[in-house]
Amino acid sequence: MERRVLVTGGAGFIGGHLVRRLLDQDHQVLVVDNFYSGSRSAIESLLGHPRFELLRHDVTFPLYVEVDEIYHLACPASPVFYQRDPVQTTKTSVVGSINMLGLAKRTKSKVLLASTSEVYGDPEVHPQPESYWGHVNPIGIRSCYDEGKRCAETLFFDYRRQHDMPVKVARIFNTYGPGMRPDDGRVVSNFVVSALRGEPITIYGDGTQTRSFCYVEDLVDGLVRLMGTGHEVTGPINLGNPREFTMLELADLVVRLAAEDGVRRRSEIVHRPLPQDDPTQRRPVIAQAEQQLGWRPTVALEDGLRATMTWFRKHLEL
């Protein structure tokens, strides 16, 4: 059944992939983005699509449209962007969520929050289940994003308790794939671009800190499945790949794949001090996603990195 779907932050990395999935499912899609960290090029090829509409708008201001579902992805998600204007980052998470929840209440829409594994902070519990409350520094340089998303989750569940609204909360772990910005500061894009250019790969700390990497198409599948659940399913639900890698393992894999791809100059590994409050371990428990959504990631890291590398090589003309 065709639905009118609003995607805030739809010109971002994950948003662009989600919008294409929704159009493939024959829905009408309205993208709202202020292009702070999103890119017009991410959705430029869709501008002539008969069921696609783009509105330049900041979600910290109210929005009056008629929709059936809302995917609330708006918020810069990488430290490079969210630390550039930390007050605006918090406003986007908090005021933006209030505005989207108000819109959902008026239109009786389902509304999904793209939350983050950053709500767990530098975790003292490993791996991280949804029941873990987190270990977050409320006054650190990352807290504009971490605490902003935690407050957004609070708002979603308070609207649920107060108005019985159909809310969904996804906690997204590290996601990668074609369409990432080369300057977003994320570890996969940093490593891939450096390796393709034969430049040094920078590892912060000793490289033993871990992350779990989920391919973007797997992640989008999880978001769509969560939106499709009944009223009783709210989350929060972890969406991420439970396979864990150290930064050194990731760097070695990227360098090997770059060499197989024809890059002649092998990147050397250089170490820099670990940034403040950077988590040392990050891996999701996805039992809830498996049980409630029938979801589990299927793309292996090596396969996803090959596709990502091919995309970067083409778009950066490397």
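Our structure is the block above this text.
Residues numbered from 1 in each chain as written. Predicted model: local features only at pLDDT ≥ 70, side-chain atom pairs only at ≥ 80, totals over all residues. Heavy atoms only, no water.

A. Broad picture of the packing of helix 1 (residues 13-24) against helix 6 (residues 216-227). Direction vectors running N to C along helix 1 and helix 6 enclose 65°, while the axes themselves pass 10 Å from each other. Here helix 1 runs over helix 6; the crossing is right-handed. Contact residues: helix 1 offers Phe13, Ile14, His17, Leu18 and Arg21, while helix 6 offers Val216, Glu217, Leu219, Val220, Asp221, Leu223 and Val224. Per-class residue counts for the contact of helix 1 with helix 6 are eight nonpolar, one polar and three charged. (Axes fitted to C-alpha atoms, helices over the stretch in contact; angles between N-to-C directions. Helix = DSSP H or I, 4+ residues; strand = E, 2+ residues; numbered from the N terminus. Left-handed = near helix turned anticlockwise from the far one by under 90°. Contact = heavy atoms within 4.5 Å. Nonpolar A, V, L, I, M, F, W, Y, C, P; charged D, E, K, R; others polar.)

B. Examining empty space enclosed by the protein more closely. Scanning the model with the defined rule gives one cavity of 30 Å³ or more in all. Here the largest cavity defines a volume of roughly 40 Å³. Lining the largest cavity are Ala195, Val255, Ala258, Ala259, Val263, Arg265, Arg266 and Ser267. Class assignment for the residues of the lining of the largest cavity results in five nonpolar, one polar and two charged. (1 Å grid on protein atoms, 1.4 Å probe; cavity = no way out; pocket = protein on both sides within 12 Å on 5 of 7 lines; lining within 4 Å. Points joined across faces, edges and corners; volume = space filled by probe spheres on them.)

C. Region of the structure containing the nonpolar core. Of all hydrophobic cores here, the largest spans 63 residues; its most connected members are Tyr71, Val188, Phe213, Leu223, Leu239, Leu250 and Leu305. The biggest single contributor to this core is helix 7 (residues 247-260), with eight residues. Within the second largest apolar cluster, 24 residues are counted, among which are Leu30, Val32, Val94 and Leu103. (Core = buried A, V, L, I, M, F, W, Y, C linked by side-chain atoms within 4.5 Å. Buried < 20%, exposed > 50% of the residue type's maximum accessible area, 1.4 Å probe, protein only.)

D. Representation of helix 1 in the model. The end-to-end C-alpha separation of helix 1 is 18 Å, in line with the 16 Å expected for twelve residues at 1.5 Å each. Burial runs high along helix 1: ten of the twelve residues are buried. Of all the positions in helix 1, only Phe13, Ile14, Gly15, Gly16, His17, Leu18, Val19, Arg21, Leu22 and Leu23 are classed as buried. Looking one or two residues past helix 1, Asp26 carries a phi angle of roughly 70°, positive in sign. (Expected span 1.5 Å × (residues − 1).)

E. How the structure looks around the packing of aromatic side chains. All chains considered together, the criterion is met by five aromatic pairs. Relative to Tyr215, the ring of Tyr176 lies with its centre 5.6 Å away and its plane at 65°, an arrangement referred to as edge-to-face. Taken together, the residues span a long stretch of sequence, with Tyr176 in strand 7 (residues 175-176) and Tyr215 in strand 10 (residues 214-215) at a distance of 39 residues. Each of the two residues, Tyr176 as well as Tyr215, counts as buried. When the centroid spacing of 5.2 Å and the interplanar angle of 80° are considered together, the rings of Trp311 and Phe312 count as edge-to-face. Look at Trp311 and you get partly exposed, because its relative accessible area is 24%. The exposure class of Phe312 is buried, given its relative accessible area of 0%. Linked through ring pairs, Tyr120, Tyr132 and Phe173 together constitute an aromatic cluster. (Phe/Tyr/Trp six-rings, centres within 6.5 Å; stacked < 30°, edge-to-face > 60°.)

F. Seen up close, the side chain of Arg211. Summarising the element assignment, Arg211 is placed in strand 9 (residues 210-212). Of the residues examined, Arg211 reaches a relative accessible area of 9% and is grouped as buried. Each residue touching Arg211, except ones within four places of it in the same chain, is listed here: Asn174, Arg243, Glu244, Phe245, Met247, Asp278, Pro279, Thr280, Gln281 and Arg282.

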